[in-house]
Amino acid sequence: MAATPLAADEITDALESARDAYEAGDIQYAIEELDFAKQRLAALKTDELAQFLPPAPEGWERRLDSEIGGAMAMMGGGSGAEAEYTPAGEGAGYTITMMADSPMIAAVAAMMSNAGMMGVQVERVGRQKFIVQDGEVTGLVANRILIKAAGADPDTLLAALEQIDYRALGRFGQ
C-alpha cells in the first residue's frame, strides 16, 4: 500500500516549492503549495483506505465513490472510502462506508461502548463488534475507524463485512 512514485514526486515537488517560497518571503505561495501537498497526501490516504473495502460478491459490481474525500473535509477532516455494491441483474444493492481519524468518530465510540446497555442489537464479525439498528450495521475498528453498511438486510451486510481484514485495517495509516 505504498504511494506511487509519481504522486510522491508531485508531493515532494510541492513541499520543496513551499520551502523555496518561504525562504523567498512569499508566504502566501508557500501556504498554497503546502495545501496542495496536503490534498495529494489526503488522496493517497483515501486510496489506501479504499483498499480495505471488500470485493463485490460474485455476480455483483462494486463502484467506489470518489467524492467522499470532499465530504470528509466538510466533517472536520479524516479519511474516507465508500463503495456501492449492486447486483448485476435487478435488485437493491448496499453501501459500505469507512471513515478514519474523523472528529465525529468520538461520538460513535461512546455509543458503541454502551450498546449492550442501550438495548441495541450487537453482532460480531470475527472479533469485531457491530451494532445493527434501523437497517444499518455500524462498527468501530481500533477506536478510530468507523464502518457503516446500509441498504440491505443485516445478514447480507454482515456477510459482506466478513471479507474485511480488521487486523490490517486497525493498523491503517500507522
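Our subject is the structure listed above.
Remember, it's a predicted structure, so these values are computed and weren't measured experimentally. Numbering of residues starts from 1 in every chain and runs along the sequence as written. Only residues with pLDDT of at least 70 are given local features in this predicted model, and only at 80 or more are side-chain atom pairs given and counted; all residues enter the totals for whole chains, interfaces and linings. For the side-chain quantities, the full set of heavy atoms in the structure was used; hydrogens and water were omitted.

Caption draft 1: Here's a closer look at helix H4 (residues 105–113). When accessible area is computed with a 1.4 Å probe and restricted to protein chains, residues below 20% of their type maximum are described as buried, those above 50% as exposed, and intermediate ones as partly exposed. Secondary structure elements are taken from DSSP: a helix is a run of H or I of four residues or more, a strand is a run of E of two residues or more, and numbering for both begins at the N terminus. Along H4, the residues that are buried comprise Ile105, Val108 and Met112. Looking down the long axis of H4, one finds its buried residues gathered within 60 degrees of arc, a one-sided arrangement. Looking at H4, the residues exposed on the side facing more than 90 degrees away from the buried face are Ala106, Ala107 and Ser113. By definition, residues are in contact when any of their heavy atoms lie within 4.5 Å. Residues of H4 that are buried sit in contact with strand E3 (94–100), strand E5 (128–133), strand E6 (136–141) and strand E7 (145–150). The directions considered for the arc are those from the helix axis to the C-beta atoms.

Caption draft 2: Main features of helix H2 (residues 27–50). With 24 residues, H2 should cover 34 Å at 1.5 Å per step; its first-to-last C-alpha distance of 35 Å lies within 8% of that length. Those residues of H2 lying buried are Ala30, Glu33, Ala37, Thr46, Glu48, Leu49 and Ala50. By this rule the span expected of a helix is its residue count minus one, scaled by 1.5 Å.

Caption draft 3: Expanded view of the environment of Ala159. Checked against the element boundaries, Ala159 lands in helix H5 (residues 154–161). The spacing of Ala159 and Val125 is 34 residues in sequence and 8.5 Å in space, taken between C-alpha atoms.

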